[in-house]
Amino acid sequence: MSKMAQDNSNNSTTEPNHRDIPNEPCENFTSYFMGVVPPLNRWLLNKPWPLKFLNACLRGYGQPVFLNNPFSGIIIMVAMFLQNPWQGTNGLIGLVVAQLTAMLMKQDKGAVENGAIAFQGLLTGLVITAMSGTPQWYAPLILPVVICSIISVMLSSALGNLLGQWGIPAFNLPFNVATYVFVASVWSSKNAHFPIAVSPVPKSFGEEAIDWIQIVQAVPIGIGQCYGCGDLIPGCLVAAAMLLCSPVIFFHSVLSSVIGALTGLALAVPPADIYNGSWGYNSVLAGASVGGFFMVLTWSSHALALFSAIFAAVVRGSLAATLNGLPVIAFPFCISAGLFLLVTSNSKQLIRVPMDQITCPEDHWKNSDLPVIMQYKMKTQLN
């Protein structure tokens, strides 16, 4: 047991705080580009705010898939502009607007500096543009992107406070709500200024042979769909960004995307919906969140992550049928991950990482002092 854990055991009446559970990665060569890159954070301590702002925005690019790494963020930003320069531009606008809004609203300093709030605006800009039926570079579309990005920050604070009572993060639920409200409103009113793109009705299961090459391609495409990107190369770049930051997140994301595609096949959905990654991304997010990010990685949490990926895909199918043409966005992920993170056990195999100690799965597994975390877990349950 570490000295810190021994000190804590001698003072059992004190509830652990951010000093009681070490979360800094081991100082080695990989810490300069993998994980949360702590040397960069220390270097930025006394640097001008524009550099800190840039760092927060780059980290924000990775936050939708649980990557707090500016180098991964650069790769993902490139992927967004390769997918569609107009979509990438609106994503960047949403990200910057959300970051400025979070700063003006004096949100949690750590969350602001890590882009953990601004990513809601990034997703808002990307997905609104992806769903829009307007021409490329249609400037008026920037208006709803800006407004919805600002609202997503406000919802992030509100939903974070609400769900935090159960120890559950807001995930990307703020972006989901802000985007869905806008899309549903213009879709129902047949708004001519902001039309919603209508996808052709795909062929039913069994009407054509399954293209297994496209099924394989759907795995990285499903990862890219976490950002509203439905092309192969951007999806591969997002997967590469995951591998750079956290091999654990990469592994769970790939496996969960496979699970999402196979679940779609098992439910006999139109193959085209599997090919475009629509059945993969909710499973990716659910599996990666449970598999080592919000829980310490064990065989039990790994199994729980796989079941959460299956459940997310099933919820995706049920919501698609219920919403009757409206997008499900990432609501299935929020439902699945939220429920599975509430699963408890008396064993040491399902251990939630305290919200203020989250870095990356490798750090949680290697550096977390399990006796201290278990004591924290018992105290929070008693309180």
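An account of the accompanying structure is given in this report. In this text, all values refer to a predicted model and were calculated from it rather than measured experimentally. Residues take numbers from 1 onward in each chain, read along the sequence in its written order. Predicted model: local features are reported for residues with pLDDT of at least 70 only, side-chain atom pairs are reported and counted for 80 or more only, and whole-chain, interface and lining totals are derived from all residues. Computation of side-chain values covers all heavy atoms of the structure but excludes hydrogens and water.

1. Overview of the overall build of the protein
Regarding its fold elements, the protein presents 18 helices and zero strands. For every residue, the accessible area obtained with a 1.4 Å probe (protein chains only) is divided by the maximum for its type, and the residue is called buried under 20%, exposed over 50%, and partly exposed between those limits. Within the protein, the proportion of its 383 residues that are buried is 51%. Counting only contacts in the protein whose residues sit at least 6 apart along the sequence, the fraction spanning at least 24 positions is 73%. Accessible area for the protein stands at about 17,100 Å²; split by element, carbon and sulfur atoms hold 67% of it. Numbering goes from the N terminus for both helices and strands, where a helix is a DSSP run of H or I of at least four residues and a strand is a run of E of at least two. Any two residues whose heavy atoms approach within 4.5 Å at even a single point are treated as in contact. Only the protein chains shown count as cover for residues, and the accessible areas themselves come from Shrake-Rupley with a 1.4 Å probe.

2. Let's talk about the pattern of salt bridges
Counted as salt bridges are all cases of a side-chain nitrogen of Lys or Arg within 4 Å of a carboxyl oxygen of Asp or Glu. This structure, assessed with the given rule, holds one salt bridge. Among the ionic pairs, Lys203 bridges to Glu208, the shortest N-O distance being 4.0 Å. Residue classification places Lys203 among the partly exposed residues on the basis of a relative accessible area of 48%. Among the residues examined, Glu208 registers a relative accessible area of 33% and is labelled partly exposed.

3. Re unusual backbone geometry
Negative phi is the rule for most residues except glycine; trans is the rule for most peptide bonds. In this model, Lys106 sits at a positive phi of 55°, which is unusual for a non-glycine residue. Within the secondary structure, Lys106 is located in the loop between helix 5 (85–104) and helix 6 (109–113). A positive phi is found at Ile329, a non-glycine position, where the angle reads about 50°. Position of Ile329 among the secondary structure elements: in the loop between helix 15 (299–323) and helix 16 (331–340). For Ile329, a relative accessible area of 6% puts it in the buried group.

4. A look at the packing of helix 15 against helix 16
Between N-to-C directions, angles span 0 to 180 degrees; the directions come from axes that are lines fitted to C-alpha atoms, helices contributing only their stretch in contact. Interaxial distance between helix 15 and helix 16 falls to 8 Å at its minimum, and their mutual angle equals 140°. Comparing their axes, helix 16 and helix 15 come out oblique. As for the relative orientation of helix 15 and helix 16, their crossing is right-handed in sense. Side by side, helix 15 and helix 16 meet where Leu304, Phe307, Ser308, Phe311, Ala312, Val315, Arg316 and Leu319 of the first sit next to Phe331, Pro332, Ile335, Ser336, Leu339 and Phe340 of the second. Under the convention adopted here, Pro, Cys and the residues Ala, Val, Leu, Ile, Met, Phe, Trp and Tyr are nonpolar, Asp, Glu, Lys and Arg are charged, and Gly plus all remaining residues are polar. Residue composition of the contact of helix 15 with helix 16, grouped by class: 11 nonpolar, two polar and one charged. Note on terminology: angles under 35 degrees are roughly parallel, angles over 145 are roughly antiparallel, angles of 65 to 115 are roughly perpendicular, and the others are oblique. By definition, any crossing whose near helix is turned counterclockwise from its far helix by less than a right angle is left-handed, and any crossing with a clockwise turn is right-handed.

5. Here's the deal with the packing of aromatic side chains
In this description, an aromatic ring pair is defined by two values, namely the gap between the centres and the angle between the planes. Each aromatic pair joins two rings of Phe, Tyr and Trp (for Trp, the six-membered one) with centres within 6.5 Å, and gets the label stacked for planes under 30 degrees apart, edge-to-face for over 60, and tilted for any other angle. The final tally for this structure, using the stated rule, is 12 aromatic pairs. Here Phe29 and Phe33 contribute two aromatic rings whose centre-to-centre distance is 5.3 Å and whose plane-to-plane angle is 70°, an arrangement assigned as edge-to-face. Geometrically, the ring pair formed by Phe171 and Phe333 is edge-to-face, given 5.1 Å between the ring centres and 70° between the ring planes. Pair noted here: Phe171 is in the loop between helix 8 (142–164) and helix 9 (173–188) and Phe333 is in helix 16, with a separation of 162 residues, a long-range link. Judged by relative accessible area, which is 11%, Phe171 ranks as buried. Judged by its relative accessible area of 2%, Phe333 is buried.

6. Section: helix 10 (residues 212–224)
Any helix carries an expected span of 1.5 Å times its number of residues minus one. Here helix 10 spans 19 Å end to end across 13 residues, near enough to the 18 Å set by a 1.5 Å rise per residue. By the largest-angle criterion, Ala218 marks the main kink of helix 10, which is about 35°, and a proline, Pro220, follows within four residues. All of the buried residues in helix 10 are Ile215, Ala218, Val219, Pro220, Ile221, Gly222, Ile223 and Gly224. Contacts made by the buried residues of helix 10 are with helix 11 (232–245), helix 12 (247–266), helix 13 (271–275) and helix 14 (281–293). The distance from a side-chain oxygen at the start of helix 10 to the backbone nitrogen of Ile213 is 3.1 Å, and the residue carrying that oxygen is Asp211. One axis is fitted to the seven residues ending at the residue and one to the seven starting there. The bend at that residue is the angle between these axes. For the purposes of these results, a polar contact is taken to be a pair of N or O atoms within 3.5 Å, where, inside protein, one atom must be able to donate a hydrogen and its partner to accept one; residues adjacent in sequence count only when each atom of the pair is a side-chain atom.

7. Some thoughts on the state of the cysteines
Cysteine sulfur atoms that pair up within 2.5 Å are treated as a disulfide. A complete count under the given rule lists zero disulfides for this structure. Considering cysteine sulfurs only, Cys245 is the nearest to Cys360, which forms no disulfide, with 5.9 Å between them.

8. As for the side chain of Asn176
Summarising the element assignment, Asn176 is placed in helix 9. Taking relative accessible area as the criterion, Asn176 reaches 0% and is therefore assigned buried. Within polar-contact distance, the side chain of Asn176 engages the backbone nitrogen of Ala330 at 2.7 Å. If we ignore the near neighbours within four places in the chain, the residues touching Asn176 are Val328, Ile329, Ala330, Phe331 and Cys334.

9. Thoughts on the nonpolar core
By size, the foremost hydrophobic cluster in this structure holds 72 residues, and its most contacted members are Ile76, Met80, Tyr227 and Phe333. Excluding residues that lie within four positions of it along the chain, Ile76 makes contacts with Tyr61, Gly62, Val65, Leu67, Tyr227, Val238 and Ala241. Ranked by size, the runner-up nonpolar core spans eight residues in total, among them Ala261, Leu265, Tyr275 and Ala313. Throughout, nonpolar core names a set of buried Ala, Val, Leu, Ile, Met, Phe, Trp, Tyr and Cys residues whose side chains join them through atoms within 4.5 Å.

10. Description of helix 8
An ideal rise of 1.5 Å per residue puts 33 Å on 23 residues; helix 8 measures up with 32 Å between its terminal C-alpha atoms. Turning to helix 8, its buried residues are Pro144, Val145, Cys148, Ser149, Ser152, Val153, Ser156 and Leu159. In the core, the buried residues of helix 8 are packed alongside helix 5, helix 7 (119–131) and helix 9.

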